[in-house]
Amino acid sequence: MNPGSSVLARVSRERMHLSLMLGLTFGTGIVDAVGYLGLDRVFTGNMTGNVVILGMAVVGADDLPVLGPLLALIGFLAGAALGGRVLRHQQQKWTARTTWLFASVGLVELALAGVVLAAHDDPPRAVEIATTTLLGAAMGVQAAVARFVAVKDVTTVVVTSTLTGLAADSVLGSGKGGGSGRRALAVVLIIAGAAAGALLLRWHLAAGLVVAGVVVLVCTGIGAWHDRVAAG
């Protein structure tokens, strides 16, 4: 067994899955920053944000977009349905199907980075809509697989429930504690991802998608490697 495998073998599945979902949470922050700041105020991971935007947009508030958030929401639901369908008979949390679904998310993000890069600094409206729709679908797949992996308090796409648990179980709430560290880290990482995405936009619209795609693929590769080592 090589040194890398020896290190991975000492990490429990629970701890590894937590680490990987936290990494994906950071990537979600990047993608949402790109969608909202760079692609006409569309969230591609945080569907709560899109639903709220749609509610305000239908009454013409602040010239908010309707089509982009709506198609991103539809894409997200389609992606989540696809992920659930592929995993419906799977028993173990990480198998080849888990790997391929997560990998597809990273590959879609990299492919869309190429599309945006080819469109130069000002992509046409149709390219923006197609990009946010496909990103929404990719994030739907990620959310469905993360739900199946089932790391408590870490969904990789939203932190509202995470914040609720953090506050409710704190010393100011029930005082139960438990999971506060992972909850706080998930919140910090999605904030850090959003900040990184905003900074990368200063370089190029595609830069955030490239970094997010690499993050997903690295997490996927480590997860697949760890699963092989743990099984062996």
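This text goes with the structure placed above it.
Residues numbered from 1 in each chain as written. Predicted model: local features only at pLDDT ≥ 70, side-chain atom pairs only at ≥ 80, totals over all residues. Heavy atoms only, no water.

Chemist: Honestly, the side chain of Thr162 in this entry has me stumped. Any pointers?
Modeler: Within the secondary structure, Thr162 sits in helix H7 (residues 160-168). You can call Thr162 buried: its relative accessible area is 0%. Filtering out sequence-adjacent residues up to four positions away, Thr162 remains in contact with Asp153, Arg183, Ala186 and Val187. (Helix = DSSP H or I, 4+ residues; strand = E, 2+ residues; numbered from the N terminus. Buried < 20%, exposed > 50% of the residue type's maximum accessible area, 1.4 Å probe, protein only. Contact = heavy atoms within 4.5 Å.)

Chemist: In this structure, what is going on with the packing of aromatic side chains? I would like to understand it.
Modeler: The way to describe two aromatic rings as a pair is by their centre distance and the angle between their planes. Under the counting rule described, the total for this entry stands at two aromatic pairs. Between Tyr36 and Phe43, the ring centres sit 4.9 Å apart and the planes meet at 25°, which makes this aromatic pair stacked. With a relative accessible area of 30%, Tyr36 lands in the partly exposed category. Summarising the aromatic geometry, the rings of Trp94 and Phe102 are spaced 5.6 Å apart at their centres and angled 40° between planes, so their arrangement reads as tilted. What makes Trp94 buried here is its relative accessible area of 3%. Given a relative accessible area of 1%, Phe102 falls into the buried group. (Phe/Tyr/Trp six-rings, centres within 6.5 Å; stacked < 30°, edge-to-face > 60°.)

Chemist: It is not clear to me how the nonpolar core should be interpreted in this structure. Could you clarify?
Modeler: Soluble globular proteins: nonpolar side chains tend toward being buried together. Of all hydrophobic cores here, the largest spans 24 residues; its most connected members are Met21, Phe102, Val145 and Val154. Looking at this core, the elements that each hand over two or more residues are helix H2 (13-38), helix H5 (96-118), helix H6 (125-149) and helix H9 (205-231). For this core, the leading source of residues is H2, giving six residues. Excluding residues that lie within four positions of it along the chain, Met21 makes contacts with Trp94, Phe102, Ala146, Val151, Val154 and Thr156. Formed by 20 residues, the second largest nonpolar core is a distinct cluster that contains Ile30, Leu54, Leu112 and Ala212. (Core = buried A, V, L, I, M, F, W, Y, C linked by side-chain atoms within 4.5 Å.)

Chemist: I keep staring at helix H3 (residues 47-57) and nothing clicks. Help me out?
Modeler: Of the positions making up H3, those classed as buried are Met47, Gly49, Asn50, Ile53, Leu54 and Ala57. Taken end-on, H3 shows its buried residues confined to a sector of 150°, consistent with a single buried face. Those residues of H3 hidden inside the fold are in contact with H2 and helix H4 (67-86). Where H3 begins, the side chain of Asn46 points an oxygen toward the backbone nitrogen of Thr48, at a separation of 3.3 Å. (Arc of directions from axis to C-beta. Polar contact = N/O pair within 3.5 Å; in protein donor to acceptor, adjacent residues only side chain to side chain.)

Chemist: Before we go on, may I ask you to explain the pattern of salt bridges in this structure?
Modeler: Two side chains of opposite charge can pair, provided their charged atoms sit close to one another. Within this structure, the stated rule accounts for five salt bridges. Residues Arg183 and Asp153 are paired through a salt bridge, measuring 3.0 Å at the closest nitrogen-oxygen approach. With Arg183 in helix H8 (residues 180-201) and Asp153 in the loop between H6 and H7, this pair connects stretches of sequence that are 30 residues apart. When its relative accessible area of 4% is taken as the criterion, Arg183 is described as buried. When salt bridges that share partners are traced, they join Asp40, Arg125 and Glu128 into one network. (Salt bridge = Lys/Arg side-chain N within 4 Å of Asp/Glu carboxyl O.)

That is the geometry; function is a separate question.
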